[in-house]
Amino acid sequence: MLNNNATNPLNFEELFDIKEMQKIQDAFSAATGVASLIVNAEGLPITKPSGFCDLCNAIRNTKQGKINCQISDKIIGAKSDHLVSQKCLSGNFYDVGASIIVEDQHICSWLIGQVVVEGVSDEELLEYADVVGIDRDEYKKMLINVKRMTLIEFENLGNFLYINAKYLSVIAKQRLDLSREVEARIKKEKEIVFLGNHDILTGLYNRRFFDDELLRLDTKRNYPISIIMADVNGLKLINDSYGHYFGDQLLIQLAQIFKKTFRTDDIIARLGGDEFAMILPNTSLGEAENIIDRVKKACSFQKTEALDFSVSYGFDAKTEEDQDMLQVVINAENHMYQLKSYESASMRHNTIELIMKALFEKNQREKYHSDRVSFISKTLAIKAGLSKDEVKRIQTAGLMHDIGKIGISETILNNPSKLSEQDFLEIQKHPEIGYRILNASSDFNIISEDVLQHHERWDGKGYPKGLKGEEISIVARIIALADTYDAMISDRAYRKAYSKEYALAEIEKCSGSQFDPKLVPLFMNLVIDNFL
């Protein structure tokens, strides 16, 4: 394959067949009688010299002659878009070179020379014997075999060389383009094959490949063959809380753990969503269980946003030929769901607590605000004559009313200036995010609707549903009052706290529009009597 990376230069061997080029070079020298050589961009020989006479060989074997030849080769072998000529420093011979250039990269140069142009006397030529240290008589004998021609003939020969070099440059470019096209096609075909067999997000195998391998590996030589099913607990909750990007990163990390922990011959697949499956040839149930323990241990060291990995596993094995492999998979899946039924519930409860902790650690102001809203809501609920169970529900809902802000950017939450329309639309999403988080847990789903409604208004102009009057739960109506009051009397990122008097005046003004008109007097009396 050709090197298609622009940062790494192309070289002669990638573009030309050296043996074939040697044949062309030899034929050129035989037909013209001139010496010929192909050198790389540094002036070092690529091919073997063709048509070199005894004199040139003798010159190159002397210390000074070798130096002179290297100088000449470097000059006529330099990158150029025209012929480069140079008189031999050891013999007054004519030499020229033509560059082969591909995409502005100097691949090589084709050099010819060892030519005496008519009009130069032997006496002039013999003077060079002294330059290189060769006996004059020996030099003269070898000089007889040096090719001689007119200057016009040599120039024509040089032009012919130049045309050939240009043509070879075109041929090399065409070959390079063809190679790139072939490589691109091969790469595309590999991508198609990869995408056909792999999950795009994690790089693991996909369901189709898993099903195919299940049939292929179901042979006696692979027994016992174990099947492991795995399911990530609370992925939807995590996506709802932190966003799908975060959930995707969790899946990617889990896939990396699987790749490192399972063996090379094991088939690891993501079947979809939060579900994974593994085929383990020549693996007993005991060995499969040990592998699961290793995976669990690896996961225990991995945390994302302070959340532990929680994965439920189930497994079964086919040990005999008459067992139905599909039933083995179903058994492993059922085993997994049995464990998931209680592991997932526990995980969701823990995750919600961790989300609250993460929100409060991220923003201390939210912790103090939530604590105060919880206290104010509880106090107002007692004043309104609600039952102990309702008071407890309101107290919890008040504490968790802003849990959905975990899904809102800190930049928006801590914005010191007035929010833009787009930022305000983002802020308005937090009741729905909070609802999805809390509704995922049986321990908290009773307050999820209250959290969803705590920004609804008595006049129906609130959000997210535009509920009106008593369509809004009593819990949400109480939290709305507590939330607004505490927000006004507290310092915010964009303003200083208002006085209690100002806050009460605003709440009284909004009685019957924003707030429940029956709750407002009770609330004001609590503040006036210094209960709040």
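Look a little higher up for the structure.
My aim in this report is to walk through the structure given alongside it, one point at a time. Numbers given for residues are sequential positions, taken from 1 along each chain in its written order. Residue-level local features of this predicted model are given only where pLDDT is at least 70; pairs of side-chain atoms are given and counted only at 80 or more, and the full residue set underlies all totals for whole chains, interfaces and linings. To get the side-chain values, all heavy atoms of the structure are used, and hydrogens and water are removed first.

## Concerning the side chain of Ser241
- Think of it this way: any DSSP run of H or I at least four residues long counts as a helix, any run of E at least two long counts as a strand, and we number them from the N terminus. Relative to the helices and strands, Ser241 resides in helix α9 (residues 235-242).
- At a separation of 2.6 Å, a polar atom in the side chain of Ser241 contacts the main-chain carbonyl oxygen of Leu237.
- In contact with Ser241, not counting residues within four places along its chain, are Ile355, Ile406, Gly407 and Ile437. Under this definition, polar contacts are N or O atom pairs within 3.5 Å; protein pairs additionally need one hydrogen-donor-capable and one acceptor-capable atom, and for neighbouring residues in sequence, both atoms have to be side-chain atoms. Contacts between residues were defined by any pair of non-hydrogen atoms, one from each residue, lying within 4.5 Å.

## Some points on the environment of Leu214
- Within the element layout of this structure, Leu214 appears in helix α8 (residues 207-216).
- Each C-alpha atom, one on Leu214 and one on Met325, is 7.9 Å from the other, the two residues being 111 residues apart in sequence.

## Description of the pairing of strand β1 (residues 35-40)
- Within β1, six of the six residues are buried, which leaves it mostly tucked inside the rest of the structure.
- For each residue, the accessible area found with a 1.4 Å probe, counting protein chains only, is set against the maximum for its type, and the residue is called buried under 20%, exposed over 50%, and partly exposed in between. Residues Ala35, Leu37 and Val39 of β1 are buried on one face, and the alternating residues Ser36, Ile38 and Asn40, pointing to the opposite face, are buried as well.
- A strand pair is defined by DSSP finding two or more bridges across the two strands. Pairing of β1 with strand β4 (residues 105-117), which is carried by six bridges, proceeds in the antiparallel orientation. The residue of β4 that forms the bridge with Ala35 is Gly113.

## Remarks on the packing of helix α14 (residues 388-400) against helix α18 (residues 445-453)
- Fitted lines through C-alpha atoms serve as axes, helices being fitted only where they are in contact, and the angles separating the N-to-C directions of these axes extend from 0 to 180 degrees. Running from N to C, α14 and α18 point in directions that differ by 60°, and their axes come no closer than 10 Å. By the angle between their directions, the pair α14 and α18 is classed as oblique. The interaxial crossing formed by α14 with α18 has right-handed handedness. Residues Arg393, Thr396, Ala397 and Met400 of α14 lie in contact with α18, whose contacting residues are Ile446, Ile447, Asp450 and Val451.
- Put simply, Ala, Val, Leu, Ile, Met, Phe, Trp, Tyr, Cys and Pro go in the nonpolar bin, Asp, Glu, Lys and Arg in the charged bin, and everything else, Gly too, in the polar bin. Of the residues that constitute the contact of α14 with α18, the class distribution is five nonpolar, one polar and two charged. Each angle is binned into one of four classes, with values under 35 degrees roughly parallel, values over 145 roughly antiparallel, values of 65 to 115 roughly perpendicular, and all other values oblique. Crossing chirality is assigned from the near helix's rotation relative to the far helix, an anticlockwise turn below a right angle marking it left-handed and a clockwise turn marking it right-handed.

## Some words on the pattern of salt bridges
- Definition used for salt bridges: Asp or Glu carboxyl oxygen within 4 Å of a side-chain nitrogen of Lys or Arg. Under the defined criterion, the tally for this structure stands at 27 salt bridges.
- For Asp73, the salt bridge identified is with Arg60, shortest N-O distance 3.4 Å. With Asp73 in helix α4 (residues 63-76) and Arg60 in helix α3 (residues 54-60), this residue pair connects regions lying 13 residues apart in the sequence.
- Judged by relative accessible area, Arg60 falls into the partly exposed class, the value being 27%.

## Things to note about unusual backbone geometry
- That bond from Tyr223 to Pro224 is cis: its omega, -5°, falls within 30 degrees of zero.
- Within the secondary structure layout, Pro224 lies in the loop between α8 and β6 (225-232).
- At the junction of Tyr463 and Pro464, the peptide bond is cis and its omega measures out at 10° in the coordinates.
- If you trace the backbone, Pro464 turns up in the loop between α18 and α19 (474-488).
- A positive phi is found at Glu103, a non-glycine position, where the angle reads about 50°.

## Observations concerning the nonpolar core
- Side-chain atoms within 4.5 Å are what join buried Ala, Val, Leu, Ile, Met, Phe, Trp, Tyr and Cys residues into a set we call a nonpolar core. In this structure, Ile228, Phe258, Phe262, Phe276, Met278, Tyr313 and Phe523 are the most contacted members of the largest nonpolar core, which totals 75 residues.
- Membership of the second largest hydrophobic core comes to 26 residues, among which are Met21, Ala98, Ala172 and Leu176.

## Side note on the packing of aromatic side chains
- The rule is short: rings of Phe, Tyr and Trp, with Trp giving its six-membered ring, pair when the centres are within 6.5 Å, and they are stacked under 30 degrees, edge-to-face over 60, tilted in between. Within this structure, the stated rule accounts for 10 aromatic pairs.
- Centre to centre, the rings of Tyr205 and Phe209 are 4.0 Å apart; their planes meet at 15°, and the pair counts as stacked.
- Tyr205 gets classed as partly exposed once you look at its relative accessible area, which sits at 26%.
- A residue is classified by how much of its surface remains accessible, and Phe209, at 14% relative accessible area, is buried.

## Section: α8
- Among the residues of α8, those classed as buried are Phe209, Phe210, Glu213 and Leu214. The buried residues of α8 occupy an angular sector of 140° when the element is viewed end-on, so they sit on one face. The directions from the helix axis to the C-beta atoms are what the arc is built from.

## Some details on the pairing of strand β3 (residues 94-102)
- In terms of burial, β3 is largely enclosed, as seven of its nine residues are buried.
- Following strand β2 (residues 84-87), the chain reverses through six residues before pairing antiparallel with β3; Asn92 in that reversal takes a positive phi of roughly 60°.
- Two elements, β3 and β4, share eight bridges in a ladder whose sense is antiparallel. Residue pairing for β4: Ala98 is matched across the bridge by Trp110.
- Counted along the chain from β3 to the antiparallel partner β4, the turn is two residues long, and its residue Glu103 has a positive phi close to 50°.

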